[in-house]
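Fold and contact review
Below are the chains, spelled out letter by letter.
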There are 2 protein chains.
Amino acid sequence: MTVSIIGAGNLAWHLVNVFEELDVRVAEVYARKKKNAESITGYLYDVNVKTDLDFSDSPSKLFVLAVSDDAIEIVAKQIILPNDSILVHTSGAKGMDVLNFAKFQNLSLNVGVFYPLMTFSKGIKVDFKLIPLCIEAENESSLKILRKLALSISDKVDVIDSEQRVILHVAAVFSCNFTNHMWALGKEIADDAALDFEMLKPLINETFKKAMKAVHPANVQTGPAVRDDFSTIEKHRNIIKEDEELLRVYDSLTKSIQDWYQ
Amino acid sequence: MTVSIIGAGNLAWHLVNVFEELDVRVAEVYARKKKNAESITGYLYDVNVKTDLDFSDSPSKLFVLAVSDDAIEIVAKQIILPNDSILVHTSGAKGMDVLNFAKFQNLSLNVGVFYPLMTFSKGIKVDFKLIPLCIEAENESSLKILRKLALSISDKVDVIDSEQRVILHVAAVFSCNFTNHMWALGKEIADDAALDFEMLKPLINETFKKAMKAVHPANVQTGPAVRDDFSTIEKHRNIIKEDEELLRVYDSLTKSIQDWYQ
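None of the values given here were measured: they were computed from a predicted structure.

1. Describing the domain arrangement of chain A
Residue and element names in this part refer to chain A. Its domain assignment divides chain A into domain 1 (2-160) and domain 2 (166-261). The C-alpha centroid of domain 2 is placed 37 Å from the C-alpha centroid of domain 1. Taken together, the 5 residues of domain 1 in the interface contact 4 residues of domain 2. For the side of domain 1 that touches domain 2, the class distribution of residues is 4 nonpolar, 1 polar and no charged.

Next comes the structure, spelled out in structure tokens:
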């Protein structure tokens, strides 16, 4: 299998790595600036670094758009692809149809999505085997090719359509982005009182383990909100009352927990 | 060292276990109902099960109140303790002074706090060595005894006064209770769309690891809010708009993240 990667960011780096490792040939890497593409292809011995979006002579049949959400449409409008090739993006939030712009240049193009449900850090390799890959394609033959590519790097491949993928993305925002922000606020509260956030880590760790093991995280909810402990809630509100923004978040989540369990 | 435990709940079970294991003698366990106390003392060979709060003849000098926050004051008002003994509670939210009610029965009493910063599951033993124990006492001699007891079971003993302890408790609400609720909401969103929450767990796990390793969790924040990706935010809001409560939480936390990074 031969693929081309459009993009030279975090995800592109990881894809180039895992494809190379698992004998998927990366024929081309595109970036607007040559040195950016070269920064992720340094150790590939047979790759074409491109700074233009004309792929009409490409040896690939599969093109993976690993660019930021905002850039997907822009690239789709400019890219020129070989006949009957497949263009996929890697975004959780964007629908497959945003790629239809690329069909104005080539009506024989097939579009799809290749979305790894993971957060990537540049330079830190991850085990792709455990990363859920959500794939979608506009026809069965493209889906078959995408599934083959996906299964060559991961054991967890799911066909997820654009509507479901956005829902998955919302669930990820709550489960990951918002939790991370809660830890940030927790550390801010500790820091402001010259308390070491490290003290909280064993409890955070245990809470995490419990929630992941539970049939439902709601089954292991603890704290003053779930037990309607109004005197503690008032004490907490009093502690943070100077910080209106923090108080607003405290009240909002306390209410949400109370509503869940009422 | 000889201690008595007042309470037969989750924390009492853990304390009885770890004390017994580390050669702190548990002389007495109190519960309102005899069978509750016996449920946690089954394997202790020399313990007095009590259902009354008259400890005037107790061999212990240290009494650990491991009851719910609401019960602390009630028990403190009724308990009768030996001269010069120490009474501690185990709550993160209550001040040390709530125990002063116990002095009406015995003016020679010393009060303090012995707060393990951890969530406990009944029946699942934990390694106390890694659990931060926050201690406080009204005088140096009591603090010395508390420190000795604390150091006999944990490597992480900190003297934390009542004001700091409540702040630590607020930080724990954000870092643990609220994060757990975010996972619950994430699962609810997935469940409602017949998506398997298991798919999100590798990402949740990676987010957790990144946040705990970061100098500050805020340094590794991801998602549409931190990058001001309004089109994705609107897409998400549109998905959950039927659930007013969920939308309220989404907006509240999105705003909080945006305010942090603006």
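Picking up where we left off.
2. A few points about the interface of chain A and chain B
Of the residues lining the interface, 72 residues belong to chain A; the matching set on chain B comes to 72 residues. Listed by contribution, the elements that provide at least two residues to the side of chain A that touches chain B are α5 (162-192), α6 (201-213), α7 (230-240) and α8 (244-261) of chain A. Take the side of chain A that touches chain B: its biggest share by element is 24 residues, from α5 of chain A. Partitioning the side of chain A that touches chain B into residue classes produces 43 nonpolar, 18 polar and 11 charged.

3. Regarding unusual backbone geometry
At Ala194 of chain A, a residue that is not glycine, the phi angle is positive and equals roughly 60 degrees. If you trace the backbone, Ala194 of chain A turns up in the loop between α5 and α6.

4. Some points on the pairing of strand β1 (residues 2-6) of chain A
All names here are of chain A. The buried count for β1 comes to 4 of 5 residues, which makes it a mostly enclosed element. When β1 meets strand β2 (residues 25-30), the two strands line up parallel, connected through 5 bridges. What sits directly across from Ile6, in β2, is Tyr30. A crossover links β1 with its parallel partner β2, the connecting element being helix α1 (residues 10-21), and its sense is right-handed. With 4 bridges connecting them, β1 and strand β4 (residues 62-65) associate as parallel partners.

5. Quick notes on α5 of chain A
Residues and elements named next belong to chain A. For α5, which comprises 31 residues, the first-to-last C-alpha distance of 43 Å matches the rise-based estimate of 45 Å (1.5 Å per residue) to within 8%. For α5, the principal kink sits at Val173 and spans about 35 degrees. Where burial is concerned, most of α5 is hidden: 25 out of the 31 residues are buried. Two residues or fewer after α5 comes Ala194, characterised by a positive phi angle close to 60 degrees.

6. Overview of the sheet that holds strand β5 (residues 86-89) of chain A
All names here are of chain A. Across the sheet, which stays open at both edges, the 8 strands sit in the order β3-β2-β1-β4-β5-β6-β7-β8 with mixed pairing between neighbours. The strands lining the two open edges of the sheet, one partner per strand, are β3 (48-50) and β8 (157-159). Looking at each pair of strands side by side, their axes are set apart by 25 degrees on average, direction ignored. Pairing of β4 with β5 involves 4 bridges; the strand directions are parallel. The residue of β5 that forms the bridge with Leu65 is His89.

7. Looking at the nonpolar core
Core analysis: the biggest nonpolar cluster contains 173 residues, and Val64 of chain A together with Val29 and Val64 of chain B have the highest contact counts within it. Those residues within four positions of Val64 of chain B in sequence are excluded, and the remaining contacts are Val3, Ile5, Ile6, Leu15, Val88, Thr90 and Phe114 of chain B.

8. Some details on the sheet that holds strand β5 (residues 86-89) of chain B
Residue and element names in this part refer to chain B. Here we have 8 strands laid out as an open sheet, ordered β3-β2-β1-β4-β5-β6-β7-β8, and mixed in their pairing. If you trace the sheet from one side to the other, it starts and ends with β3 (48-50) and β8 (157-159), each paired once. Neighbour-to-neighbour, the strand axes of the sheet open up by a mean angle of 25 degrees, direction not taken into account. Across the sheet, helix α1 (residues 10-21) lies against β1 (2-6), β2 (25-30) and β4 (62-65), angled at about 160 degrees from β2, the strand it touches most.

What counts and what doesn't
Residues numbered from 1 in each chain as written. Chains lettered and ligands numbered in written order. Predicted model: local features only at pLDDT ≥ 70, side-chain atom pairs only at ≥ 80, totals over all residues. Domains from an automatic or database assignment. Contact = placed C-beta atoms within 7 Å. Nonpolar A, V, L, I, M, F, W, Y, C, P; charged D, E, K, R; others polar. Helix = DSSP H or I, 4+ residues; strand = E, 2+ residues; numbered from the N terminus. Buried ≥ 20, exposed ≤ 12 C-beta atoms within 10 Å, placed from the backbone. Pairing = 2+ DSSP bridges. Right-handed = clockwise from strand over helix to strand, strands pointing away. Expected span 1.5 Å × (residues − 1). Bend = angle between axes of the 7 residues up to and from the residue. Axes fitted to C-alpha atoms, helices over the stretch in contact; angles between N-to-C directions. Core = buried A, V, L, I, M, F, W, Y, C linked by C-beta atoms within 7 Å.

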